[in-house]
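Observations on the model geometry
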Amino acid sequence: MIHENFFIFPHLAATQNACEPHEPQFLQSVESYFDRAAKLSDIAGGTLSHLRAVDSTIRVTFPIETGDGKTEVIEGYRAQHSRHRLPVKGGIRYSEEVDLQEVEALASLMTYKCAVVNVPFGGAKGGIKIDPAQYTAEQLERITRRYTMELCQKKFIGPGTDVPAPDVGTGPREMSWIMDTYRQFNPDDVNAAGCVTGKPLSQGGVRGRTEATGLGVYFGVREFLSYPEVQKITGLSGKIAGSTVIVQGFGNVGYYAAKFFEENGAKVVGIGERDCAIYDPHGLKVDELYQHHRDTGSFRGYSDTVEIINDSVQVLERECDILIPAALERQIGLRNADKIKAKIIGEGANGPMTPGAHEVLEKRGVVVVPDLLANAGGVVVSYFEWLKNLSHVRFGRMDKKWDESVRTRLLRVIEENAGRVLTEAERKALIQGAEEQDLVFSGLEDTMISSCEETRQTAKLKNVDYRTAAYINAIQKIATSYEGSGMLFMT
Ligand code: GLU
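All of the points below concern the structure found in this document. (Residues numbered from 1 in each chain as written. Predicted model: local features only at pLDDT ≥ 70, side-chain atom pairs only at ≥ 80, totals over all residues. Heavy atoms only, no water.)

**A closer look at the site of the ligand**
Not every one of the 15 residues close to the ligand is listed here, only the nearest: Lys89, Lys113, Pro166, Asp167 and Ser382. Between Lys89 and the ligand, the recorded distance is 2.8 Å, taken from a side-chain N or O atom to an oxygen atom. Taking 300 Å² as the accessible area of the ligand by itself, protein coverage stands at 97%. Put simply, the parts of the chain that give the shell around the ligand at least two residues each are α4 (100–116) and α13 (377–391). For the shell around the ligand, the element with the most residues is α13, which contributes 3 residues. Class assignment of the residues belonging to the shell around the ligand gives a composition of 4 nonpolar, 5 polar and 6 charged. (Near = heavy atom within 4 Å. Polar contact = N/O pair within 3.5 Å; in protein donor to acceptor, adjacent residues only side chain to side chain. Areas by Shrake-Rupley, 256 points an atom, 1.4 Å probe, with all protein chains shown as cover. Helix = DSSP H or I, 4+ residues; strand = E, 2+ residues; numbered from the N terminus. Nonpolar A, V, L, I, M, F, W, Y, C, P; charged D, E, K, R; others polar.)

Pasting the structure below:
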């Protein structure tokens with residue numbers, strides 16, 4: 001089983017060793033990015049303050065029996081940042097670092113993220129303050145169900161109100177517990193499957209959701225690299241093939257990002273994990289390493305010819321073209337920003353960089369593809385899953401056969417006129433109708449291409465970096481929807 005961000009870097013988050021003490025907390029960082037963009041937007045002050053504020057947050061505590069006769073009080077949160085579109089959407093994370101400001105920061109980021117990629121949802125985020133590694137599956141199930149019960153009672157979950165998804169420390173298993181608990185409280189809700197996304201396929205999940213965030217990171221970096229202005233600043237050729245990549249975090253996001261870069265000809269030279277990092281300038285084998293890490297819990301012992309970096313965070317400072325921080329927030333701060341050697345950074349995690357570090361990197365000509373765009377693939381495909389749940393039909397079920405028969409007839413006419421009969425393999429390749437995963441991946445690719453282009457255009461127009469441009473676009477779109485002018489997000 002694979003979690004959204006499997007390893008949670010507790011020591012890094014606790015000591016925040018990439019940040020100087022005076023650097024802002026995560027929520028303040030998101031707000032400062034927002035404020036910078038707000039000044040450059042055409043939106044009135046009143047609307048901006050409304051837009052920036054978190055709508056509502058609940059904090060719940062509940063006891064669970066740990067099995068040895070003891071009871072433990074568990075603390076959980078759910079923040080809904082903006083309800084300008086319903087449902088609100090965002091993951092639930094299990095981590096010891098969860099607190100009010102983190103959940104609110106992440107909920108705000110979800111609002112802007114959805115707007116950037118034209119997903120018609122508001123933003124939300126939830127969290128339970130536990131280290132999931134310290135609990136058995138049975139205890140985690142009890143915690144998840146109890147937390148969901150609280151959400152049900154407080155009307156903080158439902159296909160039309162608030163739809164959670166996986167995040168750090170959670171995955172399809174937790175999502176199916178959430179759905180099952182919701183169903184028990186709402187037995188008549190015909191759309192109950194749409195109360196949560198990132199579910200296993202057998203429980204109404206959609207093909208491609210697991211890969212979605214990592215694939216979106218890949219598409220995002222690929223697009224920016226194809227822009228001549230980015231090639232000029234970075235000195236890179238624009239081709240993925242032959243470029244070198246370092247990924248921090250080997251959970252769902254990091255693993256799939258690494259895999260898609262490798263599949264497209266890049267060399268993955270470094271991967272950072274909880275206890276150590278691994279580095280090899282000749283390139284690592286992503287799947288082999290993943291297998292080794294899963295079996296042994298570490299990169300150690302994988303091979304004698306590759307370097308193990310004991311202080312994992314230092315992998316961020318190694319030589320590479322593309323850097324993908326896909327672990328936790330605040331991994332790139334003022335302590336390490338000037339040591340980063342990458343030419344382009346694709347933020348797979350939410351908030352991996354502080355505003356101070358961003359400024360340092362921008363000045364040095366490092367291109368940053370910001371989190372609210374780079375890691376939006378997850379919520380884009382969550383949107384597709386939600387649509388599937390509400391329509392009660394698998395994508396492709398209605399049209400696949402029809403498409404194939406139209407193409408077969410068309411080919412027959414072409415063959416008759418061209419005087420050449422195709423081989424069976426040629427015919428198959430040409431007529432094949434789209435499966436659900438094909439549609440999901442192409443929908444995601446199309447969304448990423450157009451959202452990157454929108455961000456690029458605003459960056460050019462306002463002469464700002466891509467993060468500020470993405471925030472400006474988000475602010476404009478949300479403000480327009482407040483004004484009631486409609487369906488912008490679905491264009
Ligand atoms: N947790 C993911 C994120 O931060 C996915 C959210 C979702 O699919 O709702 O974007």
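Structure's up, so let's keep going.
**Here's the deal with the pattern of salt bridges**
Under the definition given, this model contains 41 salt bridges. The closest approach of N and O atoms between Glu150 and Arg146, which form a salt bridge, is 3.0 Å. Taken as a pair, Glu150 and Arg146 lie in helix α5 (residues 137–153) at a separation of 4 residues, close to a single helical turn. With its nearest N and O atoms 3.7 Å apart, the salt bridge here joins Glu424 to Arg427. Taken together, the positions of Glu424 and Arg427, both in helix α15 (residues 424–431) and 3 residues apart, correspond to about one turn of that helix. Exposure remark for Glu424: the relative accessible area of 58% places this residue in the exposed category. Take Arg427: its relative accessible area is 18%, and that puts it in the buried class. Several salt bridges share partner residues, and in doing so they unite Arg93, Glu102, Lys125, Asp167 and Glu329 into one network. (Salt bridge = Lys/Arg side-chain N within 4 Å of Asp/Glu carboxyl O. Buried < 20%, exposed > 50% of the residue type's maximum accessible area, 1.4 Å probe, protein only.)

**Observations regarding α13**
With 15 residues, α13 extends 21 Å between its outermost C-alpha atoms, agreeing within 8% with the 21 Å of an ideal straight helix rising 1.5 Å per residue. Taken residue by residue, α13 has Gly377, Gly378, Val379, Val380, Val381, Ser382, Tyr383, Phe384, Glu385, Trp386, Lys388 and Asn389 as its buried positions. Here the buried face of α13 lies against β3 (88–89), α4, β6 (162–163), α7 (209–225) and α16 (436–462). Backbone geometry just downstream of α13 places His392 in the positive-phi region, at approximately 60°. (Expected span 1.5 Å × (residues − 1). Contact = heavy atoms within 4.5 Å.)

**So, the side chain of Glu329**
Note on placement: Glu329 falls in the loop between β11 (322–325) and β12 (344–346). There is a polar contact of 3.2 Å between the side chain of Glu329 and the side chain of Arg93. Glu329 has contacts with Phe26, Arg93, Glu102, Asn350, Gly351 and Pro352, leaving out every residue within four places of it along the chain.

**Section: the packing of helix α14 (residues 400–418) against α15**
Taken N-terminus to C-terminus, the directions of α14 and α15 make an angle of 130°; their axes are 9 Å apart at the nearest point. One finds that α14 runs oblique with respect to α15. Both α14 and α15 take part in a crossing whose hand is right-handed. Of the residues in α15, those touching α14 at Glu404, Arg407, Thr408, Leu411 and Glu415 are Arg427, Leu430 and Ile431. Considering only residue class, the contact of α14 with α15 consists of 3 nonpolar, 1 polar and 4 charged. (Axes fitted to C-alpha atoms, helices over the stretch in contact; angles between N-to-C directions. Parallel < 35°, antiparallel > 145°, perpendicular 65-115°, else oblique. Left-handed = near helix turned anticlockwise from the far one by under 90°.)

**Details of the sheet that holds β12**
Taken in spatial order, the 7 strands of this open sheet run β10-β9-β8-β7-β11-β12-β13, and their pairing is mixed. Two strands close off the open sheet at either side, each with one partner strand: β10 (307–309) and β13 (367–369). For this sheet, the mean inter-axis angle between neighbouring strands, taken without regard to orientation, is 20°. Bridge count between strand β9 (residues 277–279) and β10: 3 bridges; the pairing is antiparallel. (Pairing = 2+ DSSP bridges.)

**Description of the environment of Ser451**
Assignment of secondary structure puts Ser451 in helix α16. Overall, the relative accessible area of 1% leaves Ser451 in the buried class. Contacts of Ser451, omitting those with residues within four sequence positions, involve Val116, Val117 and Leu373.

**Considerations on the environment of Ile345**
Mapped onto the elements, Ile345 comes out in strand β12. Each C-alpha atom, one on Ile345 and one on Asp371, is 9.9 Å from the other, the two residues being 26 residues apart in sequence. Sequence-distant contacts of Ile345, that is, excluding residues within four places in its chain, are made with Leu323, Pro325, Ile332, Ile340, Met353, Leu361, Val366, Val367, Val368 and Val369.

**Details of the packing of α7 against α13**
Contact pair α7 / α13: the axes reach a minimum separation of 7 Å and the direction vectors enclose 145°. The handedness of the crossing between α7 and α13 comes out as right-handed. Of α13, the residues touching α7 (which contributes Arg209, Ala212, Thr213 and Gly216) are Gly377, Gly378, Val381, Ser382 and Glu385. For the contact of α7 with α13, a count of residues per class yields 2 nonpolar, 5 polar and 2 charged.

**Quick look at the packing of aromatic side chains**
Overall, the coordinates contain 16 aromatic pairs when judged by the stated rule. Look at Phe250 and Tyr255: their rings are 5.9 Å apart centre to centre, the planes differ by 75°, and that puts the pair in the edge-to-face class. One exposure class covers both Phe250 and Tyr255, and it is buried. An aromatic cluster is present here, built from Phe250, Tyr255, Tyr256, Phe260, Tyr290 and Phe299 joined pairwise through their rings. When the ring centre of Tyr227 is taken as reference, the NZ or CZ atom of Arg456 above it lies at 3.9 Å. (Phe/Tyr/Trp six-rings, centres within 6.5 Å; stacked < 30°, edge-to-face > 60°. Lys NZ or Arg CZ within 6 Å of the ring centre and 35° of its normal.)

**Overview of the nonpolar core**
Generally speaking, nonpolar side chains in soluble globular proteins are found buried as a group. Counting 88 residues, the largest nonpolar core has Tyr112, Phe224, Phe261, Ile324, Ile344 and Tyr471 as the members making the most contacts within it. Counting 26 residues, the second largest nonpolar core, distinct from the first, contains Val60, Leu151, Phe156 and Cys195. (Core = buried A, V, L, I, M, F, W, Y, C linked by side-chain atoms within 4.5 Å.)

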